[in-house]
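Topology and contacts: notes
Here's the letter readout for the chains.
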Amino acid sequence: MFGYVNANKKSLSEKDKEIYQSYYCGLCQKLKEIAGNKGQVLLNYDVTFLCLLLSGLYEPEEKSRLFTCALHPKKKKLVISSEVMEYGAYMDVVLSYYNLLDDYEDDGRKAKKKLADSLLPVVKQAKDRYPRQSAAVENYIREQNQMELAREQNLSRVASLTGEMLGCLCQMKEKDPFSDDLYTLGFYMGRFIYVLDAYEDLQEDMKKKHYNPLIVRRDECPECFETFVRQYLTTQMEECARAFEHMPILKNAEVIRNILYSGVWTKYDYLQIKKERRKTS
């Protein structure tokens, strides 16, 4: 959906790279299982993180197998399968479905509508299996559109919509001792994602006069804008990390820490490099 919650693979050990890849491939294969080949195009890093997090916390029974990937046929890949992977795959489809419909409303590309329509049977299955989470995604898209139409300038209010949705998705189970920490982690991760996404789109949105709540912030104080964005993002990730460290997670812990403390910043760092190149070109 967003693609910002990635691992920093340069900082991962070889063992942890294999762990990360096994969940990434596992999600890909589970998407294929529930939605066919088209499901695999929905694969994203954000849901891979969700699977790593929930698997680390709940330690479900996992089955592993080797398979040959058509895209990388030279070496067999390890695939993880569990109830968490199934949950992640359904959440991936629901997120993608509403995102495709939202994009179709924006740009009118029929290919997106066609793909969304083809996912509808799986979305209905997800609603039956996970009604609370499915409703959270649907409500999020609707409320976000309302905020955009109203051109809401309260950044915290707009960013919190993504936070509330992701917080709900992190709560795979209805109620358990970890619900609050999972919601907190997802909430602040969602706010981080929203602001980083708005930051990446800022120049294009200014050029096309599209809605972006960061435009007002930049206009109010151009010289302090970059500091504001960095501090805002840092604050959100500090809260994510605090919630994670409060949970008794040992399985996948180093991979999750890599993502929370380093991986999520790779896109921001890349944008800074691009900005510096534009200045010197």
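See the structure printed just above.
Anyway, here's the lowdown on the structure attached to this text. As the structure is a prediction and not an experimental result, all values here were calculated from the model.

Okay, the state of the cysteines next. Counted by the stated rule, this structure contains 1 disulfide. Across the disulfide from C221 sits C224; the S-S distance is 2.0 Å. Not part of a disulfide, C170 finds its nearest cysteine sulfur in C240, a span of 8.6 Å.

Once that is clear, we can look at helix 5 (residues 110-129). Across its 20 residues, helix 5 extends 29 Å between first and last C-alpha, which sits within 8% of the 28 Å expected from 1.5 Å per residue. Within helix 5, the full set of buried residues consists of K112, A116, L119, V122, V123 and A126. Those residues of helix 5 hidden inside the fold are in contact with helix 1 (14-35), helix 2 (37-40), helix 4 (83-107) and helix 6 (131-150).

F49, L53, M189 and I259 are the most contacted members of the largest nonpolar core, which has 88 residues in total. When residues of this core are assigned to their parent elements, the largest contribution, 12 residues, is made by helix 4. Excluding its chain neighbours within four sequence positions, the residues that come into contact with L53 are C170, L182, L185, F244, M247, I249 and I256.

Moving on, we come to helix 1. With 22 residues, helix 1 ought to run about 32 Å at 1.5 Å a step, and its terminal C-alpha atoms sit 31 Å apart, in line with that. Trailing helix 1 by a residue or two, G36 shows a phi angle of about 80 degrees, which is positive.

So, on to the packing of helix 8 (residues 179-208) against helix 12 (residues 266-280). Running from amino to carboxyl end, helix 8 crosses helix 12 at an angle of 20 degrees, the nearest separation of the two axes being 11 Å. Looking at the two axes, helix 8 sits roughly parallel to helix 12. Helix 8 and helix 12 meet at a crossing whose hand is left-handed. Note on element contacts: helix 12 touches helix 8 through K267, Y268, L271, Q272 and K275, opposite L196, Y199 and E200. Of the residues contributing to the contact of helix 8 with helix 12, the split by class is 4 nonpolar, 1 polar and 3 charged.

Our focus in this paragraph is the side chain of T48. Along the chain, the position of T48 falls in helix 3 (residues 45-58). The exposure class assigned to T48 is buried, which follows from its relative accessible area of 0%. Filtering out sequence-adjacent residues up to four positions away, T48 remains in contact with Y20, Y23, Y24 and L27.

Turning next to the pattern of salt bridges. Applying the stated criterion across every chain, the model contains 16 salt bridges. Its salt-bridge partner being D107, residue K112 comes within 3.1 Å of it at the nearest N-O pair. A salt bridge links R132 to E174; the nearest nitrogen and oxygen atoms lie 3.1 Å apart. Placement of R132 in helix 6 and of E174 in the loop between helix 7 (155-170) and helix 8 is noted, with a sequence separation of 42 residues between them. Residue class for E174 comes out exposed when judged on its relative accessible area of 54%. Linked through salt bridges whose partners overlap, the residues forming this network are D103, D107 and K112.

On to the packing of aromatic side chains. By the definition in use, this model includes 12 aromatic pairs. Between the aromatic rings of Y97 and Y98, the centroid separation amounts to 5.0 Å while the plane-to-plane angle is 80 degrees, which identifies the pairing as edge-to-face. The buried category is assigned to Y97, whose relative accessible area is 10%. For Y98, a relative accessible area of 9% gives the class buried. Centroid distance F192 to W265: 5.5 Å. Interplanar angle 80 degrees. Geometry classified as edge-to-face. Of this pair, F192 sits in helix 8 while W265 sits in the loop between helix 11 (253-261) and helix 12, and the two are 73 residues apart along the sequence. There is no split in this pair, since F192 and W265 are both buried. Three or more aromatic residues link up through ring pairs in this structure, and these residues are F192, Y199, F225, W265 and Y268. The ring of Y58 carries K173 above its face, with NZ or CZ at 4.1 Å from the centroid. Of note, R230 hangs over the ring of W265, and the distance from its end group to the ring centre comes to 4.2 Å.

Reading the values: the criteria
- Within every chain, residues take consecutive numbers counted from 1 along the sequence as written.
- In keeping with the predicted nature of the model, local features appear solely for residues at pLDDT of at least 70, side-chain atom pairs appear and are counted solely at 80 or more, and the whole-chain, interface and lining totals rest on all residues.
- Hydrogens and water molecules were not included; the side-chain quantities draw on all heavy atoms of the structure.
- A pair of cysteine sulfur atoms is labelled a disulfide when the two atoms are within 2.5 Å.
- Runs of H or I in DSSP of at least four residues are treated as helices and runs of E of at least two as strands, each being numbered from the N terminus.
- In a helix, the anticipated span is given by 1.5 Å times the number of residues less one.
- Only protein chains enter the area calculation, which uses a 1.4 Å probe; residues under 20% of their type maximum are buried, those over 50% are exposed, and those in between are partly exposed.
- Contacts are residue-level and defined by heavy atoms, with any inter-residue pair within 4.5 Å sufficient.
- Here, the term nonpolar core denotes a set of buried Ala, Val, Leu, Ile, Met, Phe, Trp, Tyr and Cys residues that are joined through side-chain atoms within 4.5 Å.
- To define axes, lines are fitted to C-alpha atoms, for helices over the stretch in contact only, and angles between the resulting N-to-C directions are given on a 0 to 180 degree scale.
- Angles below 35 degrees are treated as roughly parallel, those above 145 as roughly antiparallel, those between 65 and 115 as roughly perpendicular, and all remaining angles as oblique.
- Take the far helix as the reference: if the near one is turned anticlockwise from it by less than a right angle, the crossing is left-handed, and if turned clockwise, right-handed.
- Any residue outside Ala, Val, Leu, Ile, Met, Phe, Trp, Tyr, Cys, Pro, Asp, Glu, Lys and Arg is labelled polar, Gly included; the first ten of those are nonpolar and the last four are charged.
- Salt bridge, as used here: a side-chain nitrogen of Lys or Arg that lies within 4 Å of a carboxyl oxygen of Asp or Glu.
- In this analysis, rings of Phe, Tyr and Trp, with Trp reduced to its six-membered ring, are considered paired at centre separations within 6.5 Å, and the interplanar angle assigns stacked below 30 degrees, edge-to-face beyond 60, and tilted for intermediate values.
- In our convention, an over-ring charge means Lys NZ or Arg CZ found within 6 Å of a ring centre and within 35 degrees of that ring's normal.

The values are spatial; any link to function lies outside them.
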